[in-house]
Amino acid sequence: MTVPKKIPLLDLKAQLDPIREEIHDAMQKVIECGAFINGPEVREFEADIEQYLKSPFAVGVSSGTEALVLSLWALGLKAGEHVVCPAFTYYATAGAIIKAGGVPVFCDIDPKTFNMDPNRLSDILKKSKNPIKVVIAVHLYGQPAEMDSILALGREHHLYVIEDNAQSFGSQYKNQFAGTLGNCGTLSFFPGKNLGAFGDAGMVLTGDKETAQKLRAFRNQGTEPKAKYDHVYLGTNGRLDTLQAAVLKVKLKYVQGWNEKRARHAEGYRERLRDCPTDLPLVPEGNTHVYHQFVLRSRDKPRIVKYLNECGIDSRTYYPKPLHLQTCFRFLDGHLGDYPVSERASKELFAIPCYPELTESDLDYIVDKIKQVLKEKRA
Ligand SMILES: Cc1ncc(COP(=O)(O)O)c(C=O)c1O
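The structure displayed is predicted, hence computed values, not measured ones.

J.: Kindly report on the packing of helix α4 (residues 64–74) against helix α5 (residues 91–99), identifying the contributing residues and their values.
T.: When two helices pack together, their arrangement is given by the angle between the helix axes and by the axis-to-axis distance. The interhelical angle for the contact between α4 and α5, taken along N-to-C directions, is 45°, at an axis separation of 9 Å. The orientation of α4 relative to α5 falls into the category oblique. Viewed along their axes, α4 and α5 form a crossing whose handedness is right-handed. Along its contact with α4, which presents Gly64, Thr65, Leu68, Val69 and Leu72, the element α5 presents Ala92, Thr93, Gly95, Ala96, Ile97 and Lys99. Considering only residue class, the contact of α4 with α5 consists of six nonpolar, four polar and one charged.

J.: I'd like a description of the sheet that holds strand β3 (residues 103–107), backed by residues and values.
T.: Picture the strands of a sheet paired through backbone hydrogen bonds; they go either parallel or antiparallel. Strand order across the open sheet formed by seven strands is β1-β9-β8-β5-β4-β2-β3, with mixed pairing between neighbours. Where the open sheet ends on each side, the last strands, each with one partner, are β1 (57–61) and β3. Sheet twist, expressed as the mean angle between neighbouring strand axes with direction ignored, is 25°. Bridging between β1 and strand β9 (residues 202–206) involves five bridges; their strand directions are antiparallel. Following the sheet pairing, glycine 60 is matched in β9 by methionine 203. Sitting on the sheet, helix α6 (residues 118–127) is in contact with β2 (82–86), β3 and β4 (132–138), with an inclination near 135° to β3.

J.: Requested: an account of helix α8 (residues 209–219), with residues and values cited.
T.: Taking burial as the measure, the 11 residues of α8 include eight buried ones, the bulk of the element. Elements in contact with the buried residues of α8: β1, α4, β8 (184–188), β9 and β10 (223–224). Count one or two residues on from α8 and you reach glutamine 221, which has phi positive near 60°.

J.: Please set out the pairing of strand β11 (residues 227–231) residue by residue, giving values where relevant.
T.: Little of β11 sits inside the fold, with zero of its five residues counted as buried. Two successive antiparallel strands, β10 and β11, enclose a turn made up of two residues.

J.: Requested: an account of the domain arrangement of the protein, with residues and values cited.
T.: Interfaces are frequently sized by the accessible area removed from exposure as the parts join. Here the domain parsing of the protein yields domain 1 (12–249) and domain 2 (255–378). The C-alpha centroid of domain 2 is placed 25 Å from the C-alpha centroid of domain 1. At the level of secondary structure, the elements contributing two or more residues to the side of domain 1 that touches domain 2 comprise α1 (12–16), α5, β3 and β6 (172–173). Split by residue class, the side of domain 1 that touches domain 2 holds 16 nonpolar, 11 polar and four charged.

J.: Before we move on, could you go through the site of the ligand and cite the residues and values that matter?
T.: Neighbouring the ligand are 15 residues, the closest being Ser63, Gly64, Thr65, Ala166 and Ser188. Contributing elements (two or more residues each) for the shell around the ligand: α4 and α5. Here the residues of the shell around the ligand sort into five nonpolar, eight polar and two charged.

J.: Account for α5, naming residues and giving values.
T.: Those residues of α5 not exposed but buried are Ala92, Thr93, Ala94, Ala96 and Ile97. Note on α5: the residue one or two positions beyond its end, glycine 101, has a positive phi of about 105°.

J.: So what's going on with the environment of tryptophan 258? Which residues, and what values?
T.: Relative to the helices and strands, tryptophan 258 resides in helix α9 (residues 242–273). On the neighbour-count criterion, tryptophan 258 (19 C-beta atoms within 10 Å) is partly exposed. Distance in space between the C-alpha atoms of tryptophan 258 and leucine 187 is 17 Å, their sequence separation being 71 residues. Apart from residues no more than four positions distant in its own chain, tryptophan 258 is found in contact with Asn194 and Pro356.

Calculation notes
- Sequence order as written defines residue numbering, which begins from 1 separately in each chain.
- Totals for whole chains, interfaces and linings use every residue, but because this is a predicted model, local features are given only for residues with pLDDT of at least 70 and side-chain atom pairs only at 80 or more, for both listing and counting.
- All axes are obtained by fitting lines to C-alpha atoms, using only the stretch in contact for helices, and the reported angles, taken between N-to-C directions, cover 0 to 180 degrees.
- By the criteria applied, helices consist of DSSP H or I runs no shorter than four residues and strands consist of E runs no shorter than two, each listed in order from the N terminus.
- In this scheme, roughly parallel covers angles under 35 degrees and roughly antiparallel covers those over 145, while 65 to 115 is roughly perpendicular and the rest are oblique.
- Each helix crossing is assigned a hand: it is left-handed if the near helix lies turned anticlockwise from the far helix by less than a right angle, otherwise right-handed if that turn is clockwise.
- For the purpose of contact definition, each residue receives a C-beta atom placed from its backbone, and two residues are in contact when these atoms lie within 7 Å.
- Note that Gly is not counted as nonpolar here; it falls among the polar residues with everything else outside the nonpolar set of Ala, Val, Leu, Ile, Met, Phe, Trp, Tyr, Cys and Pro and the charged set of Asp, Glu, Lys and Arg.
- Pairing between two strands requires that DSSP report at least two bridges joining them.
- The burial label depends on the number of other C-beta atoms within 10 Å of a residue's C-beta. Counts of 20 or more mean buried, 12 or fewer mean exposed, and intermediate counts mean partly exposed, with C-beta atoms placed from the backbone.
- Marked domain ranges trace back to an automatic or database domain assignment.
- Only the C-beta atom matters for nearness: placed from the backbone, it must lie within 6 Å of the molecule or strand for the residue to count as near.

This is the structure we're talking about:
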C-alpha cells in the first residue's frame, strides 16, 4: 500500500529553515541584554510596523484578543454598551467585547466575501433599541471588509470603527493597508498567522495620538511612562514580550515575499480549478488578498474534506459554528435561522493548504484529489 503524501495547512518549520540563524541571533541579543519586558526591540518593531503599514502609531500588545480589549477601552467603551461584530468570525472577536465590558450584537455576512455585510449593518444600526458604541469589522481569511460603507455608517451613526485585522496582515483596501482605516486596527501575531511570533503577540494601529497614549498606558497596568507607580487607568498586563518583538522584527522583512507566494499559489488554484463545481474566493475590485486561508465552497463539503484528509491533505472549516450558536453566547438569545448567510458559510466553506512553502507538485496533487472527489459524485 502506498503511503499518501502529507500536506499540512501550514508548515512553520519550512518557514523557519532559511531564517533560523537570523532569528537565533536576534533572540540571543535579547537574552544577553536581559531586557525581557519593554526592551528596545518592542519600540523598534512598532516603528518598523508604523513604516511598513503607514500607520501613525503602532502599540505592541500581548495578543490579538488583548488588542481588541484594549482598543475598546481606549475608545471609551463603558460597561453594558453595545458593539456590533460579524456572526461569522473567530470566537475572540466577540469574546473580547465581553471581556471589555460590552455586549456583542451580531451582524450577518456577505455571501461572496464572508465579511460583514454593510446592508445588514445598516439595518441593525437603524433598528437597534440600544445605542451602539462601536462596530468591529473583521477582515476574514486575508482580505478587507467593505470599509467605505462601514466607515460611512460609522460617521452617520456617530460610532467608532475597529478593524479586526488578525487574519489579513499586509492586505490593502483601495491602496491603503487593512487595519489603518478605522479608529483602531488590531493585529494578531499568533504563530499560524501570515506574520507569526513564537508564541502569543499582537498590536493595535491607530492614527490618533491620544488613543495611542491610552493604549500604551492600558497595556502597562494603567501607568504613564514617567510615573511607574501611579496607576492612572484601570489597565492590565497586556504588553508585547521583547523576545516576540525580536522574532517578529526579523520576520517582518520576509512577510511581503511570503504573502506574494501565497497569492501565486492562489492563482495556481484558480487556473487549475476553473471548471470545477466549487466556488473560488471572490476578491472585489480595490481589495488585495493575502490568502491567510484559501477557502472553497461546496454543498458537498463533508465528503470532499473527508476524502482530502484520507489523501493526506489537511483541510478544515474556519469556522464550523457561527457565534450566535456558540454555547457561551446562549445568554444573547441567538437562534438557528437568525443569521442564515453565516450559518450556510459554516456548513459549506473549507480551507485548503496555501502557505508560502507549498510546491507546484503539492498544488498539482491537491487539485488532482479535489477533481477526483468531485468527479466521483457526478459519476
Ligand atoms: C479574526 C480573529 N480575531 C481575533 C483573534 C485573536 O488573536 P489572538 O489569538 O492573537 O489572541 C484571532 C486569532 O485567531 C482571529 O482570527
